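What follows is the residue order along each chain.
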There are 2 protein chains.
Amino acid sequence: MTRSITYTALPGIPRVGPDDDLVRIIADGVTRAEIAVASGDVFVVAQKIVSKAENRYVYLDDVSPSDRALELAKTVGKDPRHIEVVLSESSEIIRSRQNVMIVAHRLGFVMANAGIDESNIEQDRGHRVLLLPENPDDSCERLKAGLDRHFGVNVGVLVNDSFGRPWRNGVVGVALGTAGLPALQSIIGKPDLFGRPMQVTEIAVADELAAAASLLMGQAAEGQPVVHVRGFSSPARINAASALVRPKEQDLFR
Amino acid sequence: MTRSITYTALPGIPRVGPDDDLVRIIADGVTRAEIAVASGDVFVVAQKIVSKAENRYVYLDDVSPSDRALELAKTVGKDPRHIEVVLSESSEIIRSRQNVMIVAHRLGFVMANAGIDESNIEQDRGHRVLLLPENPDDSCERLKAGLDRHFGVNVGVLVNDSFGRPWRNGVVGVALGTAGLPALQSIIGKPDLFGRPMQVTEIAVADELAAAASLLMGQAAEGQPVVHVRGFSSPARINAASALVRPKEQDLFR
């Protein structure tokens, strides 16, 4: 049997604002793409539009930088109020230097600036920045509930973002949240073709889906922030993207 | 316009041995999949079958472990001859402890065991291990030349492997080599929707393709080691996967 997976960027997704209904926006995109949604399909949604719909904006005029933020601002060379917002979303600073602040986000993601960036953000009253969703796995569960109801099926949902990485140039798509998917698939004990136990034990399935969708979304435009996936299937147990976060004490690079 | 990318695992790829003709093997898989190959298509090929076709086997009986390998074997708990082979393929040991050896491969990839593993390897006379291709970008160029000639088109070729990562659980597909692709796409200076310069400057396009293909290849079986990609396109300048390797002196995590 020939197996295929097809990723389709939903066309015509409008700019998303606070309290917009993402289920309706995605459903309209599905109509434009002329896709008949089926159980097992997956929707990958860019973090940025989920954050916007959840109104995760912070206005810098509302922020008073702490002494720590003022100190860090000298090293990093950014607005201390912006740094204060990064600190408020972080549990630990992993590395900081000129223009670089790698932190552990409060949800465990090790990433630049706690995922807070300023590109593709409309400014209205004063300068504002956009945080990650409060809890991306929960965001996915809510979206899945809405999409399942709308289409009368059982879909998977994934919220992705782009992360830099140690040792390799360039960013790649990564899963911040999932619902209805095996985000991390265990193959412990599954023998290889020649009967020896596998050395590799876990596959970051959701990160591979996130990367594939990211390739289609592109980076610069906000125009293709939703990707429909047809043909992904896995017999593995469903777990959330939080399973992808390696506990600090198990990490050789913290 | 609705944009899609479709990944298809070529069915019926046989076990690959030294000096097998991968172009012929891929072409036969394309026939079985009933795909009409076109310019712009990409073939993602698993490292393991490229290494096998290039006869990158080392027999442990032929290896004399150095003092350093004998010493490391105590920490890592592996056959010192295996460790000697890892050392011979590495420029630096990044971390080592029980069952774990993270090294910089001579080509710059930071990975476990210099990419040398023993799963899915047929043993014949004595125990043997399989190295990465001598130069994966060169392997891709040769495959591309053969495939372009065979099909009369202009394709991209990518050799992928699965890497573990700091901070996140599970392995993901990564590009070891490419030909005819923009492995690393620069978006420096490309403004966002609201005219500010982008913060993200480079996209690891080849790693995203590698991850997407890896999802379809699976891990345990060697049965689906070639994936055909239709619909990928990029206006970016072509560069090789070696561009994905971050120089040591530019890395915050070395």
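Residues numbered from 1 in each chain as written. Chains lettered and ligands numbered in written order. Predicted model: local features only at pLDDT ≥ 70, side-chain atom pairs only at ≥ 80, totals over all residues. Heavy atoms only, no water.

Overview of the sheet that holds strand β4 (residues 90-97) of chain B
Residues and elements named next belong to chain B.
- Spatially, β4-β5-β6 is the arrangement adopted by the three strands of the open sheet, whose pairing is antiparallel. The sheet is open, and its two borders are formed by β4 and β6 (110-112), each paired with just one other strand. On average, adjacent strands in this sheet sit at an angle of 25° to one another, irrespective of strand direction.
- With three bridges joining them, strand β5 (residues 100-105) and β6 adopt antiparallel strand pairing. Within β6, the position partnered with Ala104 by the bridge is Val110.
- Each of β4 and β5 is contacted by helix α3 (residues 67-76), which is oriented at about 30° to β4, the strand it contacts most. (Pairing = 2+ DSSP bridges. Helix = DSSP H or I, 4+ residues; strand = E, 2+ residues; numbered from the N terminus. Axes fitted to C-alpha atoms, helices over the stretch in contact; angles between N-to-C directions. Contact = heavy atoms within 4.5 Å.)

A closer look at the nonpolar core
- One finds A:Tyr7 and B:Tyr7 to be the most contacted residues of the largest nonpolar core, which totals 74 residues.
- Beyond its immediate sequence surroundings of up to four residues, A:Tyr7 is in contact with A:Leu209, A:Ala212, A:Ala213, A:Leu216, A:Val227, A:His228, A:Val229, B:Arg3, B:Ser4, B:Ile5, B:Tyr7 and B:Leu215. (Core = buried A, V, L, I, M, F, W, Y, C linked by side-chain atoms within 4.5 Å. Buried < 20%, exposed > 50% of the residue type's maximum accessible area, 1.4 Å probe, protein only.)

Some words on the pairing of β5(B)
All names here are of chain B.
- Counting buried positions over the six residues of β5 gives five, a clear majority of the element.
- In terms of strand pairing, β4 meets β5 through six bridges, oriented antiparallel. By the bridge assignment for β5, Ile93 is matched with Val103.
- Linking two consecutive strands that pair antiparallel, namely β4 and β5, is a turn of two residues; a positive phi of about 70° is found at Asn99 within it.
- The loop that links β5 with its antiparallel partner β6 comprises four residues; one of these, Gly108, has a positive phi angle of about 105°.

Brief notes about the pattern of salt bridges
Residue and element names in this part refer to chain A.
- Within this structure, the stated rule accounts for 28 salt bridges over all chains.
- For Asp28, the salt bridge goes to Arg24, with nearest N and O atoms at 3.4 Å. A residue pair is termed a helical-turn pair when its members lie 3 or 4 positions apart in one helix, as Asp28 and Arg24 do in helix α1 (residues 22-33) at four residues.
- Relative accessible area serves as the criterion here: at 31%, Asp28 is assigned to the partly exposed category.
- When the shortest N-O distance is used, the salt bridge between Arg81 and Asp61 registers 3.1 Å. A residue pair is termed long-range when its members are at least 10 positions apart, and Arg81 in helix α4 (residues 80-88) and Asp61 in the loop between β3 (57-59) and α3 (67-76) qualify at 20 residues. (Salt bridge = Lys/Arg side-chain N within 4 Å of Asp/Glu carboxyl O.)

Description of the domain arrangement of chain A
- Each domain of chain A was delimited in the assignment, giving domain 1 (6-50 + 135-250) and domain 2 (57-130).
- Using only C-alpha atoms to locate each centre, domain 1 of chain A and domain 2 of chain A end up separated by 26 Å. (Domains from an automatic or database assignment.)

Section: the packing of helix α6 (residues 205-217) of chain A against helix α6 (residues 205-217) of chain B
- Here α6(A) crosses α6(B) at 130°, and the two axes come no closer than 8 Å. In terms of their interaxial angle, α6(A) and α6(B) are classed as oblique. Crossing angle aside, the handedness with which α6(A) passes α6(B) is left-handed. When α6(A) is examined against α6(B), the residues A:Val205, A:Glu208, A:Leu209, A:Ala211, A:Ala212, A:Ser214 and A:Leu215 are found in contact with a partner set consisting of B:Val205, B:Glu208, B:Leu209, B:Ala211, B:Ala212, B:Ser214 and B:Leu215.
- A class-by-class count of the residues in the contact of α6(A) with α6(B) yields 10 nonpolar, two polar and two charged. (Parallel < 35°, antiparallel > 145°, perpendicular 65-115°, else oblique. Left-handed = near helix turned anticlockwise from the far one by under 90°. Nonpolar A, V, L, I, M, F, W, Y, C, P; charged D, E, K, R; others polar.)

Here's the deal with the environment of B:Val159
Residue and element names in this part refer to chain B.
- Tracing the backbone shows Val159 in strand β8 (residues 156-163).
- It is 5.9 Å that separates the C-alpha atoms of Val159 and Ala175, two residues lying 16 residues apart in sequence.
- Beyond its immediate chain neighbours, meaning those up to four positions away, Val159 contacts Val45, Ala46, Gln47, Val50, Cys140, Val174, Ala175, Leu176 and Gly177.

Some points on the packing of α3(A) against α4(A)
Residues and elements named next belong to chain A.
- Here α3 crosses α4 at 115°, and the two axes come no closer than 8 Å. It follows that α3 is roughly perpendicular to α4 by the angle criterion. For the pair α3 and α4, the crossing hand works out as right-handed. On the side of α3, the interface is formed by Arg68, Ala69, Leu70, Leu72, Ala73 and Val76, while α4 contributes Pro80, Ile83, Glu84 and Leu87.
- Looking at the contact of α3 with α4, its residues break down into eight nonpolar, no polar and two charged.

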